[in-house]
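Letter by letter, the chains look like this.
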Amino acid sequence: MSWFDNMMDKLEDVLEAGDPDRLWTDLLGASHDVYVAEEALREAEEKLAAARERALEGDLAPALKKEMRRGRHTLSVLDLLREVGGDHPDLVLALLPELYDCCLGVNKTSIWGREILRVLGRTTDLHDALAPLVTGTLNDGDELSDVFAMNGLGMLLDDIGDTRLLARWREAVRTSPDADVRDLADDDEPDEETPEEAPGGTAGEQPPGGARPRG
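Thresholds, definitions, all that
Residues numbered from 1 in each chain as written. Predicted model: local features only at pLDDT ≥ 70, side-chain atom pairs only at ≥ 80, totals over all residues. Heavy atoms only, no water. Helix = DSSP H or I, 4+ residues; strand = E, 2+ residues; numbered from the N terminus. Buried < 20%, exposed > 50% of the residue type's maximum accessible area, 1.4 Å probe, protein only. Contact = heavy atoms within 4.5 Å. Areas by Shrake-Rupley, 256 points an atom, 1.4 Å probe, with all protein chains shown as cover. 1 Å grid on protein atoms, 1.4 Å probe; cavity = no way out; pocket = protein on both sides within 12 Å on 5 of 7 lines; lining within 4 Å. Points joined across faces, edges and corners; volume = space filled by probe spheres on them. Phe/Tyr/Trp six-rings, centres within 6.5 Å; stacked < 30°, edge-to-face > 60°. Lys NZ or Arg CZ within 6 Å of the ring centre and 35° of its normal. Core = buried A, V, L, I, M, F, W, Y, C linked by side-chain atoms within 4.5 Å. pLDDT = per-residue confidence, 0-100. Arc of directions from axis to C-beta. Polar contact = N/O pair within 3.5 Å; in protein donor to acceptor, adjacent residues only side chain to side chain. Axes fitted to C-alpha atoms, helices over the stretch in contact; angles between N-to-C directions. Parallel < 35°, antiparallel > 145°, perpendicular 65-115°, else oblique. Salt bridge = Lys/Arg side-chain N within 4 Å of Asp/Glu carboxyl O. Left-handed = near helix turned anticlockwise from the far one by under 90°. Nonpolar A, V, L, I, M, F, W, Y, C, P; charged D, E, K, R; others polar.

Draft legend 1. Seen up close, the overall build of the chain. For the chain, the count of helices and strands is twelve helices and zero strands. For the chain, the sequential pattern of α-helices and β-strands runs α-α-α-α-α-α-α-α-α-α-α-α. Within the span of the chain, comprising 215 residues, buried residues form 30% of the whole. Look at the contacts in the chain between residues 6 or more apart in sequence, and 60% of them connect residues 24 or more apart. Carbon and sulfur atoms provide 53% of the accessible area of the chain, an area that totals close to 13,800 Å².

Here it is as structure tokens:
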């Protein structure tokens, strides 16, 4: 192509860019593309809702357990439980060991796992179900030396408000060979404050409180 042809092509592009009819046509085309995309998204969401409903009508726990144990689609499983776990506590309880393992960390998987169990803990006492899992973790030397695992466990027990297991966690981390793990127990201690003078000249009772384990 000659330089003259190149120049004419560029001139044509400039003229078309300023053509109101061309601009309006482009706008209509873009608007139609958005409409098509929104319709496709709506249909996809309807299919997803229908598939989710069919899945929850059956026994979904074995399939989800298998996926989580394989480490496949774990975030997809957790995302489902975040959405439906409040209405399906039995499903969450069936996956408790796998969810507990997810909680031993500070990454996205761990955060979602603790969120799911925190919601379940509002209506269900998890102490008896969690106690053997927590005991196994605290008796595992490798886990007890893993600051991320111990941090995640401390946050889980704090989230669900299990003071008995939290006390056992605090006692165990103090014996850890890892200094960073031992620091978690110090971080979790109640803040020391000077008692305020109560009416009559006696020190008033201080409310319990403490720093949340580092996240």
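So much for the structure itself; the text now carries on.
Draft legend 2. Layout of the layout of surface pockets. The computed volume of the largest pocket comes to approximately 260 Å³. Lining the largest pocket are 14 residues, with Leu-48, Leu-64, Ser-76, Val-77 and Leu-80 sitting closest to its centre. Counting only elements with at least two residues in the lining of the largest pocket, the list comes to α2 (20-57), α3 (61-70) and α4 (74-84). Top element by residues in the lining of the largest pocket is α4. It accounts for five residues.

Draft legend 3. Representation of the packing of aromatic side chains within the structure. Going through the model one piece at a time under the given rule, you end up with zero aromatic pairs. Between Arg-82 and the ring centre of Trp-112, over which it is positioned, the NZ or CZ distance is 4.1 Å.

Draft legend 4. Up close: the nonpolar core. Of all hydrophobic cores here, the largest spans 42 residues; its most connected members are Leu-99, Met-150, Leu-153 and Trp-169. Broken down by element, this core gets its largest block of residues, six residues, from helix α10 (residues 147-160). Excluding residues within four positions of it along the chain, Leu-99 makes contact with Met-68, Leu-78, Leu-81, Val-92, Ile-116 and Leu-117.

Draft legend 5. Expanded view of the confidence of the model for the chain. Summarising the model, the chain shows a mean pLDDT of 83, and 79% of its residues fall at 70 or more. Long-range and interchain partners of residues 192-215, a stretch whose pLDDT sits below 50, account for 38 contacts in this model, where long-range means more than four residues apart.

Draft legend 6. Focus on helix α12 (residues 179-187). Buried within α12 are the following residues: Val-181, Leu-184 and Ala-185. Buried residues of α12, seen end-on, are gathered within an arc of 95° and therefore sit on one face of the element. Residues of α12 that are buried sit in contact with α9 (141-144), α10 and α11 (163-173). Structurally, the start of α12 carries an N-cap: the backbone nitrogen of Asp-180 is 2.9 Å from a side-chain oxygen of Asp-178.

Draft legend 7. How the structure looks around unusual backbone geometry. In this structure, His-73 takes a positive phi of about 55° despite not being glycine. Note that His-73 resides in the loop between α3 and α4.

Draft legend 8. Region of interest: the packing of helix α8 (residues 127-138) against α11. Interhelical geometry of α8 versus α11 gives an angle of 5° and a closest axis separation of 10 Å. As judged from the angle between their axes, α8 and α11 are roughly parallel. In this structure, α8 contributes His-127, Leu-130, Ala-131, Val-134, Thr-135 and Leu-138 to the contact, and α11 contributes Arg-164, Leu-165, Arg-168, Trp-169 and Ala-172.

Draft legend 9. Quick peek at the pattern of salt bridges. Taken as a whole and judged by the stated rule, the model has eight salt bridges. In the salt-bridge network here, residues are joined through shared partners; they are Glu-39, Arg-42 and Glu-46.

Draft legend 10. The arrangement of the packing of α3 against helix α6 (residues 96-103) in detail. Contact pair α3 / α6: the axes reach a minimum separation of 10 Å and the direction vectors enclose 30°. If you check the angle between α3 and α6, you find them roughly parallel. Every pair of crossing elements has a handedness; the one defined by α3 and α6 is left-handed. Contact residues: Lys-65, Met-68 and Arg-69 in α3; Pro-97, Glu-98, Leu-99 and Cys-102 in α6. Partitioning the contact of α3 with α6 into residue classes produces four nonpolar, no polar and three charged.

Draft legend 11. Seen up close, the environment of Ala-129. With respect to the element layout, Ala-129 can be found in helix α8. For Ala-129, a relative accessible area of 36% translates into the label partly exposed. Through-space distance from the C-alpha of Ala-129 to that of Leu-93 is 8.7 Å; in sequence the pair is 36 residues apart.

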